There are 2 protein chains.
Amino acid sequence: MATMKDVAKLASVSTSTVSHVINGTRFVSDDIAKRVQDAAQQLNYHGPSAVARSLKQNCTKTIGMLVTTSTNPFYAEVVQSVEQACYQQGYNLILCNTEGDAQRLKRSLSTLIERRVDGLIMMCAMLEGDDAQIYRRLGGLPVVVMDWGEVDFSCDRIQGHSRQGGILATQYLIDNGHSEIGCITGPRNRQQANLRYQGFVDAMNAANLPINPAWVIEANFETEGGKAAFAKLQAQGELPSALFVCNDMMAIGVLHEAQRSGVQIPQQLSVIGYDNIQLAKFMTPALTSIHQSKARLGAAAVNALIARLHEPHLPPQFMDIEPRVTERASVASNEVKVKN
Amino acid sequence: MATMKDVAKLASVSTSTVSHVINGTRFVSDDIAKRVQDAAQQLNYHGPSAVARSLKQNCTKTIGMLVTTSTNPFYAEVVQSVEQACYQQGYNLILCNTEGDAQRLKRSLSTLIERRVDGLIMMCAMLEGDDAQIYRRLGGLPVVVMDWGEVDFSCDRIQGHSRQGGILATQYLIDNGHSEIGCITGPRNRQQANLRYQGFVDAMNAANLPINPAWVIEANFETEGGKAAFAKLQAQGELPSALFVCNDMMAIGVLHEAQRSGVQIPQQLSVIGYDNIQLAKFMTPALTSIHQSKARLGAAAVNALIARLHEPHLPPQFMDIEPRVTERASVASNEVKVKN
DNA sequence: ACTAATTATCGAAACGTTTCGATGGTGGTT
DNA sequence: AACCACCATCGAAACGTTTCGATAATTAGT
């Protein structure tokens, strides 16, 4: 690959002049500029090496992102919006999947640090205990955390306002005349999962409705988990009349399992999901869900990160994206409900 | 951030010695090695700067990937397997979405080149005409192309053997007693889309079945496209008894629209999809589909790329991943079919 | 005991940029 | 004509590594 030096030699100017021409960083007389352009053309020189530039400038215009599984539609949508925001701001994204594996998280974190990413976005289960000491390596690297909990280093947070979302979902079911309401939660040790459940509890309490513990089941945020949870619910006997399923993937699992075992949704059981992934509207029945804007989540994360790059000593920022319910066909009013 | 120089100074050794200790590239006496380790520890030195190293070694251990929309489940699964393979081989992945936008493709390509990625995986619509000259910038950069067509530069190819997949799908419908078979294709100017359609044609011809042109509709590989295509099909009058929908996303759209307008699947219309995305089995009815292993596609792409890095002058490689049908509930045998 | 062979460490150049101070040339002012 | 500003370009150092040849120190061979 041709370098600036080569171009400089061919154009009989100094490297610094070439640099200024290429970057437009200083005035260069027209004829010399032209000579440089021509030489560049001739040598097929295309853009300065980002790696050399990064070395000199101590900034890579790259951000790293750790995500549990980019294959999960919710994550996929967030990742995409992150990438989009990066693109618009002139950054590139290095994506690392952790697959929930601590070892992998550690190694990925290390390589991202070695690569001198300018910042980090984490949307994955967190390390704890001894492993948590790896975060000390971060050494002031700006980090934005999405999706969970307490963390022992300073960082910004973008969150989905999950508690309010949980309230919204439950309240929606209540407003539709339901009082026997169950909840399929995500892994309760993850903050967002727990907050959604707390929202459920809040709303039930506020409405003076009893919570049947047999109807709250913890699952893993995956389709299979939702399916298993529904099977378990059914094995226990009487079903509630409505179910708040804490994410759409699990809701898809319960829809599927319900259909398989002949319980009709929403006639016999109303279901509301969470996340409003793109596919939700294509389920049968179309899935009513709590919408949170993945585009805004991603953009907010990137913006927070870049803001911090420019102003490293701001106090940690918190940001919540408002959820809202989007109505579809998986929740029925309890008046028309047909008891099984 | 501490550098090797700092460590060297503190340990009173030369930088080169530090380098050898850190990388294990040469024998270093135990006591000096220890001194270096300690100094590194003390200065909180963590790993050599990948950017400096890349500059020196002229290799970034990074590969770039251009993809249309990483949000599409099929792509998402492939991207994930690519990332996984990269991880295993010690590479990092820079992901760029093109969103089908030529401008964006061009800019992303440029930055990837400036970043000196070691190789490129492209799974996106291709540039044509004048824009195609951007590929000349590649200058020998190893490229693996997935998912389409003719291309005017040398590269390796990983493909899904779409024609055979099309035959498989159609044959499966025929074997189930169908003879009135329609096909909803992807954008026919994309090779994979066209090959699937060609497979359909092949199988129909081989079975001496007529193709009703009203029953082949071109759509865009998205859920909405499938939905629209089905609506169009229905508006035209008599439906076929079975439909080969050339990817699962469109099939999901079809399922949805069919349900909405009261045609029962598979009783009135059998549907087979293509790709076998993870969600396919959770549709109602569970979607019968042509499976192609996303894991193998991704791994093959990365392996081909890395093989070429080591052996740049191999002739272009082609590789097909075998498809197979995975049976579920969206195709019914025609004997039981209930004419509407 | 003196050279030869071996071993462990050092020093310097190079990778491709950016950036700052230095340099020389031009034109304007008195 | 002498001086000063100013302008356009140059040169060199620096960024953090790797790597090769050189050097000093140790051991072995006769």
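Residues numbered from 1 in each chain as written. Chains lettered and ligands numbered in written order. Predicted model: local features only at pLDDT ≥ 70, side-chain atom pairs only at ≥ 80, totals over all residues. Heavy atoms only, no water.

(A) Seen up close, the overall build of chain A. Helix and strand counts for chain A stand at 11 helices and 12 strands. Since a compact globule built from 340 residues should have a radius of gyration of about 20 Å, the 26 Å found for chain A marks it as more spread out than a globular shape. Across the 340 residues in chain A, those meeting the buried criterion constitute 59%. Taking the contacts inside chain A whose residues are at least 6 apart along the sequence as the reference set, 73% of them involve residues at least 24 apart. With an accessible surface of roughly 14200 Å², chain A has 49% of that area assigned to carbon and sulfur atoms. When the 31 basic and 32 acidic side-chain charges of chain A are each reduced to a single mean position, those positions are 7 Å apart. (Helix = DSSP H or I, 4+ residues; strand = E, 2+ residues; numbered from the N terminus. Rg over C-alpha atoms; globule rule 2.2 N^0.38 Å. Buried < 20%, exposed > 50% of the residue type's maximum accessible area, 1.4 Å probe, protein only. Contact = heavy atoms within 4.5 Å. Areas by Shrake-Rupley, 256 points an atom, 1.4 Å probe, with all protein chains shown as cover. Lys, Arg positive; Asp, Glu negative; His and termini not counted. Charge placed at Lys NZ, Arg CZ, Asp CG, Glu CD.)

(B) Spotlight on the protein's contact with DNA strand C. Looking at DNA strand C, there are 27 residues lining it, with Met4 and Ser19 of chain A together with Ser14, Thr17 and Ser29 of chain B nearest. At 2.6 Å, a side-chain N or O of Ser19 of chain A approaches a phosphate oxygen of DNA strand C. For DNA strand C, a phosphate oxygen lies 3.3 Å from a polar atom in the backbone of Ser49 of chain A. Considered class by class, the residues forming the surface near DNA strand C number 9 nonpolar, 12 polar and 6 charged. (Near = heavy atom within 4 Å. Polar contact = N/O pair within 3.5 Å; in protein donor to acceptor, adjacent residues only side chain to side chain. Nonpolar A, V, L, I, M, F, W, Y, C, P; charged D, E, K, R; others polar.)

(C) Region of interest: the protein's contact with DNA strand D. Around DNA strand D, the structure places 27 residues, and the nearest of them are Ser14, Thr17 and Ser29 of chain A together with Met4 and Ser19 of chain B. Atoms of DNA strand D within 4 Å of the protein: sugar and phosphate make up 64%, bases the balance. A distance of 3.1 Å separates a base oxygen of DNA strand D from a polar side-chain atom of Ser16 of chain A. Here a phosphate oxygen of DNA strand D and a side-chain polar atom of Thr17 of chain A are 2.8 Å apart. Counting only elements with at least two residues in the surface near DNA strand D, the list comes to helix H2 (15–23) and helix H4 (50–57) of chain A together with helix H1 (4–11), helix H2 (15–23) and helix H4 (50–57) of chain B. Per-class residue counts for the surface near DNA strand D are 9 nonpolar, 12 polar and 6 charged.

(D) Expanded view of the packing of helix H9 (residues 223–235) of chain B against helix H10 (residues 248–260) of chain B. Residue and element names in this part refer to chain B. Two elements in contact, H9 and H10, have axes separated by 6 Å at closest approach and are oriented at 50°. It follows from the interaxial angle that H9 and H10 lie oblique. When you trace H9 past H10, the crossing you get is right-handed. Contact with H9, carried on its side by Thr223, Gly226, Lys227, Phe230 and Ala231, involves Met249, Met250, Ile252, Gly253, Val254, His256, Glu257 and Ala258 of H10 and no other residues of that element. (Axes fitted to C-alpha atoms, helices over the stretch in contact; angles between N-to-C directions. Parallel < 35°, antiparallel > 145°, perpendicular 65-115°, else oblique. Left-handed = near helix turned anticlockwise from the far one by under 90°.)

(E) Fine view of H4 of chain B. If you check which residues of H4 of chain B are buried, you get Ala50, Val51 and Ser54 of chain B. All buried residues of H4 of chain B lie within an arc of 100° about the axis, which places them on one face of the element. The inward-facing, buried residues of H4 of chain B contact H4 and helix H6 (102–114) of chain A. Phi turns positive one or two residues past the end of H4 of chain B, at Asn58 of chain B, with a value near 55°. (Arc of directions from axis to C-beta.)

(F) Region of the structure containing the pairing of strand E9 (residues 270–275) of chain B. Residue and element names in this part refer to chain B. Extensive coverage of E9 is indicated by the burial of 6 of its 6 residues. Taken together, strand E8 (residues 242–245), H10 and E9 form a β-α-β motif whose crossover is right-handed. With 4 bridges joining them, E9 and strand E10 (residues 288–291) adopt parallel strand pairing. In the strand pairing of E10, Asp275 is matched with His291. (Right-handed = clockwise from strand over helix to strand, strands pointing away. Pairing = 2+ DSSP bridges.)

(G) Inspection of the domain arrangement of chain A at higher detail. Residues and elements named next belong to chain A. Entries for chain A in the domain assignment read domain 1 (4–48), domain 2 (60–160 + 294–321) and domain 3 (162–291 + 325–336). Between the C-alpha centres of domain 2 and domain 3 there is a distance of 29 Å. At the interface, 13 residues of domain 2 touch 13 residues of domain 3. Between domain 2 and domain 3 lies a buried interface of about 1100 Å² when both sides are counted; carbon and sulfur atoms form 43% of it. Applying the counting criterion to the domain 2 and domain 3 interface returns 0 salt bridges. At the boundary of domain 2 with domain 3, the tally comes to 6 residue pairs in polar contact (both at pLDDT 80 or more). (Domains from an automatic or database assignment. Buried area = accessible area lost by both parts, 1.4 Å probe. Salt bridge = Lys/Arg side-chain N within 4 Å of Asp/Glu carboxyl O.)

(H) Representation of the packing of aromatic side chains in the model. The tally for this structure, following the rule as stated, stands at 8 aromatic pairs over all chains. Pairing Phe244 of chain A with Tyr274 of chain A gives two aromatic rings, centres 6.3 Å apart and planes at 35°, and the pair type is tilted. In this pair, Phe244 of chain A sits in strand E8 (residues 242–245) while Tyr274 of chain A sits in strand E9 (residues 270–275), placing the two residues 30 residues apart along the sequence. Owing to a relative accessible area of 0%, Phe244 of chain A belongs among the buried residues under this scheme. Geometry around Tyr87 of chain B places Arg104 of chain A over its ring, the cationic atom sitting 4.4 Å from the centre. Sitting over the face of the ring of Tyr197 of chain B, Arg188 of chain B holds its NZ or CZ atom 4.1 Å from the ring centroid. (Phe/Tyr/Trp six-rings, centres within 6.5 Å; stacked < 30°, edge-to-face > 60°. Lys NZ or Arg CZ within 6 Å of the ring centre and 35° of its normal.)

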